[in-house]
Amino acid sequence: MSPPSGPPGKSNHRAGILIATLGVEPQVVTITLDHLLSGGEAISEVVVIYTETPRVREALRIIEGEFQGAVYPGIQLRAVPVTSTDGPVLDFCTDRDLRALLRTLYVEIRCARQAGGMVHLCISGGRKVMGILGMVVAQLLFGPEDRVWHLITEGWQPGSERRLHLSPADRAWLVSVPVLRWSEAGVLMQTVAEMNDPAEVVAWHEKLSRATRIKRQREFIERRLTRAEREVVRLACRGLDNAAIAAALFKQEQTVANQLRGVYEKLRDWLGYPDGNVDRSKLIAEFAPYFALVEEVKQGEDY
């Protein structure tokens, strides 16, 4: 695919920003950009996220040469190094390096979203972890029009003769990767977008997930189970067997067994009919933490 000549093609979308992770192959960025422009996307800026190693720096220098000429008129290039508190990151070997990468991706995508343009994120370049964390940030911040792209080329392997732009005979595909976006969550999306630290977002999301899970568990216990079933389940989640439950509740052991079978069927429906058995172990795994939390809260209220 030859580089588009003249201004970018007219698009039904607003002018967007291409954010690309970079490794040692500069053509990943240029071929992706060529595909977007040829497809009619209007790109105003390309942001390249890279690590400070000699081979990656050389790849960045080659990309910069393309933007200094007449290949991409009207499109700005901005290079963003991954930087931790210790300085530029050379590779992703420690938790600190990964946190720096997550922060860099988060800041750049968040800024692009706030600028109002469509975000195109290419995750094909660089270390695999760059693509993984790029997807994480996309799930947190992307809107309905934003896209994650994966570049596939046929007949070309890393180390082959470098071609920054493909000919019409070359086979290449720019595949849109599905993203489970939070944007449909309305207020949740607004809350996330106002947070500056991705670690804060992750902690908030974990807290929200726990609260949502507890709410669902409470609804199952209180709305789907009878009072008698609730007592049986509570004692089962404390580790009591059927005989001990029967003794504690002054029931026949067979009555307890029958009630638990009924609970298992309700639980199977609640879980969406999963593969495998829905039995005592599944019941305990799902609800023992819930009853432990309820007991903890109750004890706190007694003091």
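Before reading further, recall that the structure is shown in the block above.
Because the structure is a prediction, the values reported are computed rather than measured. (Residues numbered from 1 in each chain as written. Predicted model: local features only at pLDDT ≥ 70, side-chain atom pairs only at ≥ 80, totals over all residues. Heavy atoms only, no water.)

1. Structural notes on the sheet that holds strand β3 (residues 76-81)
Working step 1: Taken in spatial order, the 6 strands make up an open sheet running β3-β2-β1-β6-β7-β8, and their pairing is mixed. The sheet is open, and its two borders are formed by β3 and β8 (172-177), each paired with just one other strand. For this sheet the average axis-to-axis angle between neighbouring strands, irrespective of direction, equals 25°.
Working step 2: Judged from the 6 bridges that link them, strand β2 (residues 43-50) and β3 form a sheet pairing that is parallel. Bridge assignment links Ile 49 to a residue of β3, and that residue is Val 80. (Pairing = 2+ DSSP bridges. Helix = DSSP H or I, 4+ residues; strand = E, 2+ residues; numbered from the N terminus. Axes fitted to C-alpha atoms, helices over the stretch in contact; angles between N-to-C directions.)

2. What to know about the pairing of strand β1 (residues 16-21)
Working step 1: Within β1, 6 of the 6 residues are buried, which leaves it mostly tucked inside the rest of the structure.
Working step 2: Judged by which residues are buried, β1 turns out to be covered on both faces: Gly 16, Leu 18 and Ala 20 on one side and Ile 17, Ile 19 and Thr 21 on the other are all buried.
Working step 3: Where β1 lies against β2, 6 bridges are found, and the strand directions are parallel. Residue pairing in the sheet places Leu 18 in a bridge with Val 46 of β2.
Working step 4: The β-α-β motif built from β1, the intervening helix α1 (residues 27-38) and the parallel element β2 has right-handed crossover chirality.
Working step 5: As judged from the 5 bridges shared by β1 and strand β6 (residues 118-122), these two strands associate in the parallel manner. Across the sheet, Gly 16 pairs through a bridge with Met 118, a residue of β6. (Buried < 20%, exposed > 50% of the residue type's maximum accessible area, 1.4 Å probe, protein only. Right-handed = clockwise from strand over helix to strand, strands pointing away.)

3. Some points on the layout of surface pockets
A water-sized probe, rolled over the atoms, reveals where empty space remains.
Working step 1: Reported here for the second largest pocket is a volume of approximately 350 Å³.
Working step 2: Residue lining of the second largest pocket: 13 residues in total, with Glu 231, Arg 234, Phe 291, Val 294 and Glu 295 positioned closest to the centre.
Working step 3: Those elements that place two or more of their residues in the lining of the second largest pocket are α6 (198-224), α7 (227-237) and α10 (280-302).
Working step 4: With 6 residues, the single largest contributor to the lining of the second largest pocket is α10.
Working step 5: Here the residues of the lining of the second largest pocket sort into 5 nonpolar, no polar and 8 charged. (1 Å grid on protein atoms, 1.4 Å probe; cavity = no way out; pocket = protein on both sides within 12 Å on 5 of 7 lines; lining within 4 Å. Points joined across faces, edges and corners; volume = space filled by probe spheres on them. Nonpolar A, V, L, I, M, F, W, Y, C, P; charged D, E, K, R; others polar.)

4. Remarks on the packing of aromatic side chains
Working step 1: Evaluation of the coordinates by the stated rule reveals 5 aromatic pairs.
Working step 2: Between the aromatic rings of Phe 220 and Trp 270, the centroid separation amounts to 5.1 Å while the plane-to-plane angle is 45°, which identifies the pairing as tilted. Of this pair, Phe 220 sits in helix α6 while Trp 270 is found in helix α9 (residues 253-270), placing the two residues 50 residues apart along the sequence. Of the two residues, Phe 220 and Trp 270, neither departs from the other in class, the shared state being buried.
Working step 3: Where Phe 220 meets Phe 287, the ring centres are 5.1 Å apart and the plane angle is 20°; that geometry is what we call stacked. You can see Phe 220 sitting in helix α6 and its partner Phe 287 sitting in helix α10, a full 67 residues away along the chain. (Phe/Tyr/Trp six-rings, centres within 6.5 Å; stacked < 30°, edge-to-face > 60°.)

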